[in-house]
Amino acid sequence: MSGNITFTMIKPKAIAKGYMGKIIDQIITGGFTIKALKYTCLSKEEAMEFYAVHKERPFYNDLTGFMSSGPIVAAILEKENAVQAYRDYIGATNPSDAEEGTIRKLYGTDIQANAVHGSDSDENAVIESSFYFSERERV
Ligand code: GDP
């Protein structure tokens, strides 16, 4: 059964380029309800923990360095079938492969700085949401 919660981050490059408001607006326009929201930074160690699933991949060090290079926005989003719906909405990992109108196509720079993160499973959506938010930080 599909869950109704996913987790997203707006990545440092998109924040640095001034896209934070536009991306949040597009998330809401897409019918996702914000259940929790936080503007914060990740340390390198926290980024390594968050992306531990990728630790064997060649880009792990670059990715975790990038994700700790500046502020991010973390959010829990609600929608029916949220994980898949959001992945469809943000587009392919590489912005150059993403469909027109998707968040990564509009606001991504390259395969690493691809504007936003989106959970890849219901299980990870729960784990990632709990990484950032306590129960009382959720509406
Ligand atoms: P996602 O589920 O679409 O975010 O993609 P993945 O789970 O495969 O990768 C996680 C994140 O790692 C992506 O969102 C990118 O920021 C980054 N990433 C993926 N592939 C590459 C790559 O080949 N090079 C670099 N530098 N970063 C990558």
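You'll find the structure just up there.
Residues numbered from 1 in each chain as written. Predicted model: local features only at pLDDT ≥ 70, side-chain atom pairs only at ≥ 80, totals over all residues. Heavy atoms only, no water.

**Examining the pattern of salt bridges**
Oppositely charged side chains can form a pair if their charged atoms are brought close together.
And then number 1: Under the counting rule described, the total for this entry stands at three salt bridges.
And then number 2: Ionic pairing is found between Glu100 and Lys105, a salt bridge with its closest N-O pair at 4.0 Å.
And then number 3: Owing to a relative accessible area of 67%, Glu100 belongs among the exposed residues under this scheme.
And then number 4: Assessed through its relative accessible area of 28%, Lys105 is described here as partly exposed. (Salt bridge = Lys/Arg side-chain N within 4 Å of Asp/Glu carboxyl O. Buried < 20%, exposed > 50% of the residue type's maximum accessible area, 1.4 Å probe, protein only.)

**Quick look at the pairing of strand S1 (residues 5–10)**
And then number 1: Counting buried positions along S1 yields five of six residues, so the element is predominantly enclosed.
And then number 2: As paired strands, S1 and strand S3 (residues 72–78) are joined by six bridges and run antiparallel to one another. Directly across from Ile10, in S3, lies its bridge partner Val73.
And then number 3: Here S1 runs beside strand S4 (residues 116–118); their pairing, made up of three bridges, is antiparallel. Of the residues in S4, the one forming a bridge with Met9 is His117. (Helix = DSSP H or I, 4+ residues; strand = E, 2+ residues; numbered from the N terminus. Pairing = 2+ DSSP bridges.)

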